[in-house]
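Listed below are the residues making up each chain.
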Amino acid sequence: MSLRFREARRDDVAAVVALLADDALGAAREGAGLAPYLAAFDTMQAEGGNLLIVGEDAGGRIVATYQLTLISGLSLKAARRAQVESVRVAGDLRGQGLGAAMMADAEARARAAGCRLIQLTTNKSRNRAQAFYQRLSFTASHIGFKRELD
């Protein structure tokens, strides 16, 4: 399948939210109408270095998405890094190489932005995702912690 990766537009947000909700974890945590997602998209657009990318098939259907955040810092000899989040492929198209193509796109964008490191987290319950990232030469080198803020 041929995909074109591009920066998302505001009118893509509904399709991206549908992809985010298209699995057991996402179905339980996404929702609440489109307004908060549109507000978040507008904030991301204003930040710079915080990109929402979509994969569009030949027919114009949004079938994949990820968020790429470019982070400048002092550690690792002032290495710039790229954080990849919210990686999703449409359920009916998983296992066809779209995820690998999407991650190649993320890596190319990170390199073009001067990043020396690309990193991501995945939910501990996502065993298939973990195996996928390991096949792409990502190393499970850290333990991640999260804390919700009220």
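Residues numbered from 1 in each chain as written. Predicted model: local features only at pLDDT ≥ 70, side-chain atom pairs only at ≥ 80, totals over all residues. Heavy atoms only, no water.

A. Region of the structure containing the side chain of Arg81. Mapped onto the secondary structure, Arg81 falls in strand 4 (residues 81–89). For the buried Arg81, no salt bridge is present, and the opposite-charge side chain at shortest range is Glu85, 12 Å distant. Looking at Arg81, its side chain comes within polar contact range of the side chain of Gln119, at 3.1 Å. When residues no more than four places from it in sequence are discounted, the contact partners of Arg81 are Thr69, Leu70, Ile71, Ser75, Leu76, Cys115, Leu117 and Gln119. (Helix = DSSP H or I, 4+ residues; strand = E, 2+ residues; numbered from the N terminus. Buried < 20%, exposed > 50% of the residue type's maximum accessible area, 1.4 Å probe, protein only. Lys, Arg positive; Asp, Glu negative; His and termini not counted. Salt bridge = Lys/Arg side-chain N within 4 Å of Asp/Glu carboxyl O. Polar contact = N/O pair within 3.5 Å; in protein donor to acceptor, adjacent residues only side chain to side chain. Contact = heavy atoms within 4.5 Å.)

B. Quick peek at the sheet that holds strand 1 (residues 3–7). Taking strand neighbours across the sheet as the criterion, the five strands line up as 1-2-3-4-5 in an open arrangement whose pairing is mixed. The sheet is open, and its two borders are formed by strand 1 and strand 5 (117–120), each paired with just one other strand. With direction set aside, neighbouring strand axes in the sheet form an average angle of 25°. Lying on the sheet, helix 1 (residues 13–20) is in contact with strand 2 (50–57), strand 3 (62–71) and strand 4; it crosses strand 3 at an angle near 95°. Running over the sheet, helix 5 (residues 98–112) touches strand 1, strand 2, strand 3, strand 4 and strand 5 and is turned about 30° from strand 3. (Pairing = 2+ DSSP bridges. Axes fitted to C-alpha atoms, helices over the stretch in contact; angles between N-to-C directions.)

C. How the structure looks around the pattern of salt bridges. Under the counting rule described, the total for this entry stands at 11 salt bridges. Residue Arg94 is joined to Asp22 by a salt bridge in which the shortest nitrogen-to-oxygen separation is 3.6 Å. Taken together, the positions of Arg94 in the loop between strand 4 and helix 5 and Asp22 in the loop between helix 1 and helix 2 (24–29) put the pair 72 residues apart, joining distant regions of the chain. Under the relative-accessibility criterion, Arg94 is labelled partly exposed at 36%.

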